[in-house]
Amino acid sequence: MANSPSAKKRAKQAEKRRSHNASLRSMVRTYIKNVVKAIDAKDLDKAKTAYTAAVPVIDRMADKGIIHKNKAARHKSRLNAHIKALGTAAA
């Protein structure tokens with residue numbers, strides 16, 4: 001365990017950041033899950049609105065370094081591909 005005052009402070013700050021980042025990561029997963037649920041329900045309108053809401057959140061977390069930028073791009077690409085496939089299947 002930390003002994004010096006500076007090490008104690010760093011440990012406290014690290015824990016505070018860890019819990020904050022965990023909540024942000026959880027928020028991103030929730031937004032992604034909402035899009036996936038709409039896609040699974042084959043609800044195109046709901047999927048599009050959920051995707052539109054999720055994209056800025058995913059981008060913001062990638063900018064903050066909560067998730068890697070390539071992971072953010074991968075999520076957006078795959079979700080969008082599923083939505084497009086849902087649109088072509090409906091048409």
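Residues numbered from 1 in each chain as written. Predicted model: local features only at pLDDT ≥ 70, side-chain atom pairs only at ≥ 80, totals over all residues. Heavy atoms only, no water.

Looking at UniProt, the protein carries the name Small ribosomal subunit protein bS20, with the source organism given as Azotobacter vinelandii. Listed in UniProt under the heading Function, the comment for the protein reads: "Binds directly to 16S ribosomal RNA." Taken directly from UniProt, the Sequence similarities text for the protein runs: "Belongs to the bacterial ribosomal protein bS20 family." (UniProt positions renumbered as here; feature names shortened; annotations may be inferred.)

A. The nonpolar core, seen in detail. Ranked by internal contacts, the top residues of the largest apolar core, which has 20 residues, are Val28, Val35, Ile58 and Ile67. Elements that contribute at least two residues to this core include exactly helix H1 (5-40), helix H2 (44-64) and helix H3 (69-90). It is H2 that provides the largest number of residues to this core, a total of 9 residues. If sequence neighbours within four positions are ignored, Val35 has contacts with Ala47, Ala50, Tyr51, Ala54, Leu79 and Ile83. (Core = buried A, V, L, I, M, F, W, Y, C linked by side-chain atoms within 4.5 Å. Buried < 20%, exposed > 50% of the residue type's maximum accessible area, 1.4 Å probe, protein only. Helix = DSSP H or I, 4+ residues; strand = E, 2+ residues; numbered from the N terminus. Contact = heavy atoms within 4.5 Å.)

B. Quick look at H3. Spanning 22 residues, H3 covers 32 Å between terminal C-alpha atoms, matching the ideal 32 Å at 1.5 Å per step. Here H3 has its buried residues at Ala72, Leu79, Ile83 and Leu86. Around the axis of H3, the buried residues are gathered within 65 degrees of arc, so they sit on the same side. Turned more than 90 degrees from where H3 packs its buried face, Lys69, Arg78, Lys84, Thr88 and Ala89 sit exposed. Elements that come into contact with the buried residues of H3 comprise H1 and H2. (Expected span 1.5 Å × (residues − 1). Arc of directions from axis to C-beta.)

C. Representation of H2 within the structure. The terminal C-alpha atoms of H2, which comprises 21 residues, lie 30 Å apart, in line with the 30 Å expected from a rise of 1.5 Å per residue. Of all bends in H2, the biggest is about 25 degrees, found at Ala54, and the proline Pro56 comes one to four residues later. The inward-facing, buried residues of H2 contact H1 and H3. Two or three places before Lys46, at the start of H2, stands the capping residue Asp43, its side-chain oxygen 3.4 Å from that residue's backbone nitrogen. Just beyond H2, the residue with positive phi is Gly65, at close to 85 degrees. (Bend = angle between axes of the 7 residues up to and from the residue. Polar contact = N/O pair within 3.5 Å; in protein donor to acceptor, adjacent residues only side chain to side chain.)

D. Local environment of unusual backbone geometry. One non-glycine residue, Lys42, lies in positive phi territory at about 60 degrees. Its location among the elements puts Lys42 in the loop between H1 and H2. Overall, the relative accessible area of 65% leaves Lys42 in the exposed class.

E. Highlighting the pattern of salt bridges. Enumeration according to the criterion identifies 2 salt bridges in this entry. One salt bridge connects Arg18 with Glu15, and the closest N-O pair in it is separated by 2.8 Å. Within this pair, Arg18 and its partner Glu15 are both found in helix H1, separated by 3 residues, close to a single helical turn. Since its relative accessible area comes to 48%, Arg18 is described here as partly exposed. With relative accessibility at 42%, the residue Glu15 sits in the partly exposed group. Among the salt bridges present, the one from Asp59 reaches Lys76, with a minimum N-O distance of 2.6 Å. Taken together, the residues span a long stretch of sequence, with Asp59 in helix H2 and Lys76 in helix H3 at a distance of 17 residues. (Salt bridge = Lys/Arg side-chain N within 4 Å of Asp/Glu carboxyl O.)

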